[in-house]
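As a plain string of letters, each chain reads:
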Amino acid sequence: MRSWWGWVWLLVWSAARLSAQDAAAPIWPAAGEYAGSKQCTECHTEQARTYPASSMSRALEPVESCEILKRDSSLTWNDGAYRYSIGRSGAGYRYSVTDGKESAEATLLYAFGQGKAGQTYLYRKDGRYYESRASYYDEKKGLDLTIGAQNVRPENIGQALGRAITPGDARDCFGCHTTGARRGAELRLEHFEGGVQCEDCHGPGGAHAAGVMKGELKPGSIRSLKGLTAEETNDLCGACHRTWETVMLLQIHGTANVRFQPYRLTNSACYTTGDSRIACTACHDPHAALASDVRYYDSKCAACHNAANTAIAKRTCTVGKEKCVTCHMPRYEAPGSHHEFFDHWIRVARAQDRYPD
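Quick look at the structure, then. Remember, predicted model here, so these are calculated numbers, not experimental data.

**Looking at unusual backbone geometry**
- A positive phi is found at Asp126, a non-glycine position, where the angle reads about 50°.
- Assignment of secondary structure puts Asp126 in the loop between strand 6 (118-125) and strand 7 (128-132).
- On the accessibility criterion, Asp126 (73% relative accessible area) is exposed.
- If you check the backbone angles, Gln251 has positive phi at about 55° while not being a glycine.
- Residue class for Gln251 comes out exposed when judged on its relative accessible area of 58%.

**Some points on the packing of aromatic side chains**
- Per the counting criterion, the structure on display carries 11 aromatic pairs.
- Ring centres of Phe174 and Phe192 lie 6.3 Å apart, and the angle between their planes is 70°; this geometry places the pair in the edge-to-face category. Taken as a pair, Phe174 in helix 6 (residues 167-177) and Phe192 in the loop between strand 13 (186-187) and strand 14 (193-194) lie far apart in primary sequence, 18 residues in all.
- Arranged with centres 4.9 Å apart and planes meeting at 90°, the rings of Tyr296 and Tyr297 form a pair that is edge-to-face.
- Aromatic ring contacts, followed pair by pair, group Trp77, Tyr84, Tyr95, Tyr123 and Tyr130 into a single cluster.
- Sitting above the plane of the Trp28 ring, Arg182 keeps its charged end 4.0 Å from the centroid.
- For Arg242, the ring lying beneath its charged end belongs to Phe260, and the centroid distance is 4.8 Å.

**Quick word on helix 9 (residues 230-241)**
- Three or more residues of helix 9 are buried, namely Ala230, Thr233, Asn234, Leu236 and Gly238.
- As for helix 9, its buried residues are in contact with helix 11 (261-265), helix 12 (269-272) and helix 13 (280-283).
- Phi turns positive one or two residues past the end of helix 9, at Arg242, with a value near 80°.

**Here's the deal with the pairing of strand 9 (residues 142-145)**
- Of the pairings in the sheet, the one linking strand 8 (residues 134-137) to strand 9 comprises four bridges and is antiparallel in character. Pairing of Tyr136 across the sheet is with Leu143, part of strand 9.
- The turn joining strand 8 and strand 9, which pair antiparallel and follow one another in sequence, is formed by four residues; a positive phi near 55° is taken by Lys141.

**Details of the environment of Lys125**
- Along the chain, the position of Lys125 falls in strand 6.
- Accessibility expressed as a relative area gives 37% for Lys125, which makes it partly exposed.
- For the pair formed by Lys125 and Tyr263, sequence separation is 138 residues and the distance between their alpha carbons is 35 Å.

**Here's the deal with the nonpolar core**
- Grouped together as the largest cluster of nonpolar side chains are 27 residues, with contacts concentrated most on Leu69, Tyr84, Ile86, Tyr95, Val97 and Tyr121.
- Membership of the second largest hydrophobic core comes to nine residues, among which are Leu60, Tyr110, Tyr129 and Ile165.

**Let's talk about the state of the cysteines**
- Under the defined criterion, the tally for this structure stands at one disulfide.
- Covalently, Cys176 is tied to Cys240 through a disulfide, its sulfur atoms 2.2 Å apart. Taking the sign of the S-S torsion, -100° for the link of Cys176 and Cys240, the bridge is left-handed. Taken as a pair, Cys176 in helix 6 and Cys240 in helix 9 lie far apart in primary sequence, 64 residues in all.
- Under the relative-accessibility criterion, Cys176 is labelled buried at 18%.

**Description of the environment of Ser337**
- One can find Ser337 in the loop between strand 15 (331-333) and strand 16 (340-342).
- Ser337 gets classed as buried once you look at its relative accessible area, which sits at 3%.
- Through-space distance from the C-alpha of Ser337 to that of Gln114 is 14 Å; in sequence the pair is 223 residues apart.
- The residues contacting Ser337, other than those within four sequence positions of it, are Ala117, Tyr137 and Ile147.
- Reaching out from Ser337, the side chain makes a polar contact with the backbone oxygen of His339 at a distance of 3.0 Å.

Rules behind the numbers
Residues numbered from 1 in each chain as written. Predicted model: local features only at pLDDT ≥ 70, side-chain atom pairs only at ≥ 80, totals over all residues. Heavy atoms only, no water. Helix = DSSP H or I, 4+ residues; strand = E, 2+ residues; numbered from the N terminus. Buried < 20%, exposed > 50% of the residue type's maximum accessible area, 1.4 Å probe, protein only. Phe/Tyr/Trp six-rings, centres within 6.5 Å; stacked < 30°, edge-to-face > 60°. Lys NZ or Arg CZ within 6 Å of the ring centre and 35° of its normal. Contact = heavy atoms within 4.5 Å. Pairing = 2+ DSSP bridges. Core = buried A, V, L, I, M, F, W, Y, C linked by side-chain atoms within 4.5 Å. Disulfide = S-S within 2.5 Å. Polar contact = N/O pair within 3.5 Å; in protein donor to acceptor, adjacent residues only side chain to side chain.

Following this line, the structure appears as structure tokens:
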């Protein structure tokens, strides 16, 4: 574990680092022309075939494309005196709340998330974006409070409808759920692709595509992610999924941080010893859907934890040979999420153990 002084140093360093990222984060380049993912598919056919099945590819959708709202065209839910509803209205969807005396409503614009855990909605009013106070949760097959709203009681019907988000929050939300909406520290919604598409990780591909068309491909015209170290991969994914430094800086404690996989991974023994193999991409194919069968990950674990690997042979598991993650990456429910996340702090976990933070 990191020493107390190490934590203090890292918090100070992280603040400076995050400020620098806020001005011009590499994952949100300020310059460069986007070609669009359709342009990428002309050459990268295999990735184009598998990637649409990934939830990341549909991390944000306009509500008119939202499969959940198409399937459940009339959602209702009660929270104390408040009754919420989402229903089709013409070509769009109306979101409303009433306490029997007053009512408020808005036209939903965007659906954030695919609903594998939950889905939250954004609307716009008086020039500002608002986050819906009610979100959809797959486990409930219906609505409940948006994460973060559990401890905040609305003071009026407008607050019951949703929370006004700051320009910085809007920039970060769209930055992580779209491609091209965030340029450096600015939010530009004139033109973007919904979801995390090719150029969100690889950078604007206009120059790269033009070079391919002309047969004059220039090195560095696209961001290559081959050969990244575990830390570099962690930082790239952690720009949205939260790194260790970000979680420490924001002081997100308890099981609320279980859904921040890069943060949890950095606490694993195999990561802290500097093993270059323990990167996000060691287990997850970024160009395909997340594997849901826990047996799929056994071969990933055995790639290092095997008798032939003399460096760790003594630490090879003697209890079981399959479903490794069910013991070494236990599930925890993040508060208010109605979803259990695999804890990426890989360890020997026992039933009586407290959640490590």
